Structure formats: C-alpha cells, structure tokens
Amino acid sequence: MTPEQYCQDKAAASGSSFYYSFRFLSDARRQAITALYAFCREVDDVVDEAHEHAVAHAKLAWWRDEIGRLYTGRPGHPVTQALAPHVAPFALPAEGLLEIVDGMEMDLKFARYERFQDLLLYCRRVAGVVGELSARIFGFSDAQTLQYADRLGVALQLTNIIRDVGEDARRGRIYLPIEDLHAFKVPAADLQHGRESDAFRQLMLFQIDRAQDYYRQAWSLLPAADRKAQRTGLVMAAIYRATLEEIRRDGPEKVLNQRLSLTPLRKLWLAWTTWTFGYRP
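Residues numbered from 1 in each chain as written. Predicted model: local features only at pLDDT ≥ 70, side-chain atom pairs only at ≥ 80, totals over all residues. Heavy atoms only, no water.

Engineer: How do you make sense of the overall build of the chain when you look at a structure like this?
Structural biologist: Secondary structure assignment for the chain yields 14 helices and zero strands. Moving toward the C terminus, one meets the helices and strands of the chain in the order α-α-α-α-α-α-α-α-α-α-α-α-α-α. Taken over the C-alpha trace, the chain has a radius of gyration of 19 Å; the compact-globule value for 281 residues is 19 Å, and the two agree within 12%. Taken along the three principal axes of its C-alpha coordinates, the chain extends 55 × 50 × 30 Å. Expressed as a percentage of its 281 residues, the buried residues of the chain come to 53%. The long-range share in the chain, meaning contacts at least 24 apart out of those at least 6 apart in sequence, stands at 72%. Per element, the accessible surface of the chain, about 12600 Å² overall, is 52% carbon and sulfur. Side chains of the chain give 36 positive and 36 negative charges; the mean places of these two sets differ by 4 Å. (Helix = DSSP H or I, 4+ residues; strand = E, 2+ residues; numbered from the N terminus. Rg over C-alpha atoms; globule rule 2.2 N^0.38 Å. Buried < 20%, exposed > 50% of the residue type's maximum accessible area, 1.4 Å probe, protein only. Contact = heavy atoms within 4.5 Å. Areas by Shrake-Rupley, 256 points an atom, 1.4 Å probe, with all protein chains shown as cover. Lys, Arg positive; Asp, Glu negative; His and termini not counted. Charge placed at Lys NZ, Arg CZ, Asp CG, Glu CD.)

Quick look at the structure:
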C-alpha cells in the first residue's frame, strides 16, 4: 500500500463530511488535503483509543518528533510520507501541525471548560489551525483568507460539539462551557444521564445560534477574490450548517440520546450545488 492509498483509505473509512468536499479538487490539492486530514485522524485516534493517558502522551510526543522528521526530510509514517511532497508547494508550516497535536493533547488534560474563551482555544487548535492549513492547500491571494479559514474551522468544531454532545458526555467529556450550563440551569448530570428538558433545549438553541454566528463571521472575512479557490471549505460550511438546522428542526434536546447525520446522498447534493452554484450564506 502506498502512503497516498493509506491516507485515502483513512479518509474514506471515517465517513466524514470532509471526504465529500475533497472530490472536486485537482489531483495535487486532493492528495495534499487528504494527507492533512489523515494526519488529523491519526493524532485524534491516539486520544480517542488510548486507555491510559501516559501512553497517549507518549504517542503524541512521538508525533511531535515525526513532524520534526517530516521537515528534515526523514518522514517515517505513511501519513507524513504522503504529506511530504506538499509541504513546500503549499507552504505548510510545522508550527501548524504541532499546534494540532497540542489541541489533541488538551483532551487528555481537560474534560470540561469553564468559559467559552477556554473552549475557543481548544477549537482553534483542533480545527481553526486545520482550516488555515487547508486554506493554504486550496489556494489564496489575500492573507485575510487565513482569518476566514480559522473562523470557519471554529464554526465546524462548534457544530461537532453540538451534534456529539450526548456521545461525548457518556465518554466523560462535556465541551459545553460550564458558564453556559449555569446560565441555563442545566446540571452536568443531565448530560451524562441523557435527561432531556426545556432548559437543555434552550441551551442547545443558544449553542446553535453561536455556531451559526461563527459561520457568518467566517463568510464576512472571506475576500471575494478567494471565494472560488476556497469552495472546498464552503462545501463543508454548507453541509455542517444544514446539519445544525436539521438539529434545530428535529429538536435540539434530542442530541443527548441520538446522533443526527445527513445522508450521504444529501451531503453529495450539497457539495455539488455549493461547488457549482456557490455558497449561500
């Protein structure tokens, strides 16, 4: 198996919406973004699959060393081998990959976040930086596009948190800020035990509105000159915003006990229409 096939299989197996947005890219850009996505999956799996924090910390330390080997021309893992040819052409900084690892490590240190500003740091590391690296791969002419990409990455991560709130709580992680739980009078135990309530519904409507605001902020920061180049990210925005609205219509309190996901056909339709006719903010 080639490094490129390894990354392709990793992306396809995840079933992620990202996979649908890659389909319309040129070969070089598709290979680069698939390798970047596979890297993110690898380091995320370290945290999700580790039964002992010490082991997970050691594996993340290995990945930091592997990033060093990537930038000195000695990558050893299939993911970094696949990423290597794209580092220079797309000006991908090592600091970005290292910050992603730092974000994943936060899951080993924190199971809850006191304030939204604390959560924002996590979102920026695990998703905003990914957005910036992705924007470099897609191509840009205006540096403000990197700010758009960071904001879009945060919006996507906030959407993930909303969609997965019940599943995460059962695994011992509550990403909704404690200050928000207090403001809406929702005990953490309600999340852990899947207790739906009107208070929790109102809390989730607030979270949905906040995430949608980040999508609006991202769009406002994207220069018109780079909208065509950044269509892949906009495909993701269309799919994830549609997911948020499905959650709103279906009943946001239901995320405690079920995981809503768009069908593959609808994702493909949203991807094609956004790519062909443009993004509808």
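Engineer: How do you make sense of helix α7 (residues 116-138) when you look at a structure like this?
Structural biologist: Two residues of an α-helix separated by three or four positions point the same way, owing to the 3.6 residues in each turn. The largest bend in α7 is about 50°, located at R124. Following α7 by one or two positions, G139 adopts a phi angle in the positive range, close to 105°. (Bend = angle between axes of the 7 residues up to and from the residue.)

Engineer: In this structure, what is going on with helix α6 (residues 94-109)? I would like to understand it.
Structural biologist: The first and last C-alpha atoms of α6 sit 23 Å apart over 16 residues, in line with the 22 Å expected at 1.5 Å per residue. If you check which residues of α6 are buried, you get A94, G96, L97, I100, V101, G103, M104, E105, M106, D107 and L108. Of the surrounding elements, those touching the buried residues of α6 are α3 (27-49), α4 (53-71), α5 (78-87) and α7. (Expected span 1.5 Å × (residues − 1).)

Engineer: Mind showing me how you'd approach the pattern of salt bridges here?
Structural biologist: Side chains bearing opposite charge may pair, as long as their charged atoms lie close to each other. By the definition in use, this model includes 26 salt bridges. Its salt-bridge partner being R201, residue E253 comes within 3.1 Å of it at the nearest N-O pair. Taken together, the residues E253 in the loop between α13 (231-250) and α14 (264-277) and R201 in helix α12 (residues 198-221) connect sequence positions 52 residues apart. With relative accessibility at 29%, the residue R201 sits in the partly exposed group. Through salt bridges with shared partners, a single ionic network connects K10, R41, E42, D44 and D45. (Salt bridge = Lys/Arg side-chain N within 4 Å of Asp/Glu carboxyl O.)

Engineer: How should a nonpolar patch on the surface be read in this particular structure?
Structural biologist: On the surface, a nonpolar cluster with roughly 400 Å² of combined accessible area is contributed by W269, W272 and F277. For F277, the position within the fold is in helix α14. On the accessibility criterion, F277 (58% relative accessible area) is exposed. (Patch = residues over 30% accessible without salt bridge, like charges linked within 9 Å, V, L, I, M, F, W, Y side chains within 5 Å.)

Engineer: Whenever I open this one, unusual backbone geometry confuses me. Can you help?
Structural biologist: Most peptide bonds take the trans form, and the phi angle of most residues other than glycine is negative. Even without a glycine there, the phi angle at A91 is positive, about 50°. Structurally, A91 is set in the loop between α5 and α6. With phi around 55°, K185 is a residue other than glycine that occupies positive phi space. By secondary structure assignment, the location of K185 is in the loop between α10 (178-183) and α11 (188-192).

Engineer: When you look at the environment of S261 in this model, what are you seeing that I'm missing?
Structural biologist: In this structure, S261 sits in the loop between α13 and α14. C-alpha of S261 to C-alpha of R210: the two residues are 51 residues apart in sequence and 20 Å apart in space.

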